[in-house]
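The primary structure of each chain is shown beneath.
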Amino acid sequence: MDLRSLRTPRLLLQPVTWRDMEDMARLKADSGAFGRMLGGVCTRQQAERDMADDIAFWACHRVGIFTIRENGRFVGMTGIHDRPDGRGFALRFALFPWASGRGLAREAASAALNFAHDAGLRRVLAVAAENNMASRTILGGIGMHVSDTFVRDGQTMMMYESRRP
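What counts as what
Residues numbered from 1 in each chain as written. Predicted model: local features only at pLDDT ≥ 70, side-chain atom pairs only at ≥ 80, totals over all residues. Heavy atoms only, no water. 1 Å grid on protein atoms, 1.4 Å probe; cavity = no way out; pocket = protein on both sides within 12 Å on 5 of 7 lines; lining within 4 Å. Points joined across faces, edges and corners; volume = space filled by probe spheres on them. Helix = DSSP H or I, 4+ residues; strand = E, 2+ residues; numbered from the N terminus. Nonpolar A, V, L, I, M, F, W, Y, C, P; charged D, E, K, R; others polar. Pairing = 2+ DSSP bridges. Buried < 20%, exposed > 50% of the residue type's maximum accessible area, 1.4 Å probe, protein only. Arc of directions from axis to C-beta. Contact = heavy atoms within 4.5 Å. Core = buried A, V, L, I, M, F, W, Y, C linked by side-chain atoms within 4.5 Å. Phe/Tyr/Trp six-rings, centres within 6.5 Å; stacked < 30°, edge-to-face > 60°. Lys NZ or Arg CZ within 6 Å of the ring centre and 35° of its normal.

A word on the layout of surface pockets. The computed volume of the largest pocket comes to approximately 750 Å³. Forming the boundary of the largest pocket are 40 residues, of which Arg36, Met37, Phe93, Asn132 and Ser135 lie nearest the centre. When residues of the lining of the largest pocket are traced back to their parent elements, those giving at least two are α2 (31-34), β5 (89-95), α4 (104-118), β6 (123-129), α5 (133-141) and β8 (155-163). When grouped by side-chain class, the residues that make up the lining of the largest pocket number 21 nonpolar, twelve polar and seven charged. Of the voids in this model, the second largest pocket is the one considered here, and its volume is about 400 Å³.

Here we come to the pairing of strand β7 (residues 145-152). Pairing between β7 and β8: seven bridges, direction antiparallel. Across the sheet, the residue bridging to Asp148 is Met159, located in β8. As consecutive antiparallel partners, β7 and β8 are separated by two residues, and within that stretch Asp153 has a phi angle of approximately 55 degrees, a positive value.

What follows covers α5. Among the residues of α5, those classed as buried are Ser135, Arg136, Ile138 and Leu139. The arc enclosing the buried residues of α5, seen along the axis, measures out at 160 degrees, which places them on a common side. For α5, the exposed residues set more than 90 degrees away from the buried face come down to Ala134 and Thr137. Elements in contact with the buried residues of α5: β5, α4, β6 and β8.

With 49 residues, the main nonpolar core has Leu13, Leu27, Ile80, Leu91, Val124, Leu139 and Met144 as its most contacted residues. Here this core takes nine residues from α4, the largest share from any one element. Excluding its chain neighbours within four sequence positions, the residues that come into contact with Leu139 are Leu91, Phe93, Ala126, Ala128, Met144 and Tyr160. Counting six residues, the second-largest nonpolar core is a separate cluster that includes Ala90, Leu125, Ala129 and Phe150.

Non-glycine residue Arg62 carries a positive phi angle of around 65 degrees. A relative accessible area of 55% places Arg62 in the exposed class. Residue Asn71 is not a glycine yet carries a positive backbone phi of 50 degrees. Tracing the chain through its elements places Asn71 in the loop between β3 (65-70) and β4 (73-82). You can call Asn71 exposed: its relative accessible area is 76%.

As a further point, take the packing of aromatic side chains. On inspection of all chains with the given rule, the structure shows six aromatic pairs. Centroid distance Trp58 to Phe115: 5.8 Å. Interplanar angle 65 degrees. Geometry classified as edge-to-face. Of the two residues, Trp58 is situated in helix α3 (residues 44-61) and Phe115 in helix α4; the sequence distance between them amounts to 57 residues. Pair check on accessibility: Trp58 and Phe115 agree, each one buried. When the centroid spacing of 6.0 Å and the interplanar angle of 80 degrees are considered together, the rings of Phe74 and Phe96 count as edge-to-face. In this pair, Phe74 sits in strand β4 while Phe96 sits in the loop between β5 and α4, placing the two residues 22 residues apart along the sequence. By the ring-pair criterion, three or more aromatic residues cluster together here, those being Trp58, Phe66 and Phe115. Positioned over the ring face of Trp58 is Arg4, at 4.6 Å from the centre of the ring. Of note, Arg73 hangs over the ring of Trp98, and the distance from its end group to the ring centre comes to 3.9 Å.

Written out as structure tokens, the structure reads:
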């Protein structure tokens with residue numbers, strides 16, 4: 001097992017690799033899982049570009065995107081990426097709709113956030129639409145606080161922040 005892998009009470013989080021391409025492509029093509037994510041639902045080609053970027057990001061920054069597995073079954077992803085709008089390193093998470101509602105996203109996002117801070121990131125952001133109460137509840141529940149708002153495509157976005165010295 002990769003030394004960067006994380007175990008929580010119910011989950012195994014592992015850095016993405018090319019072996020995860022099929023799972024990640026399915027997740028990113030699912031509108032219920034990725035419809036509200038920055039960039040939205042992805043084609044296979046976009047998912048492949050994302051995978052190459054995610055693997056390179058791990059190599060450069062020692063943090064990145066994890067797969068989330070429950071009892072060996074792929075349920076989603078979480079981790080850190082560099083926001084394309086220049087706001088900084090941010091936490092993201094997405095689970096298949098069938099895996100939602102049991103606290104898995106919160107458990108995984110919390111583990112990824114702690115990993116990022118332990119790896120030396122003093123400041124981690126996250127962004128959720130003002131009306132996305134599920135994501136906002138998760139972000140607040142893992143200790144992140146609203147630090148700013150901005151408008152994207154006519155929608156108010158809430159920027160969350162976590163800082164550690």
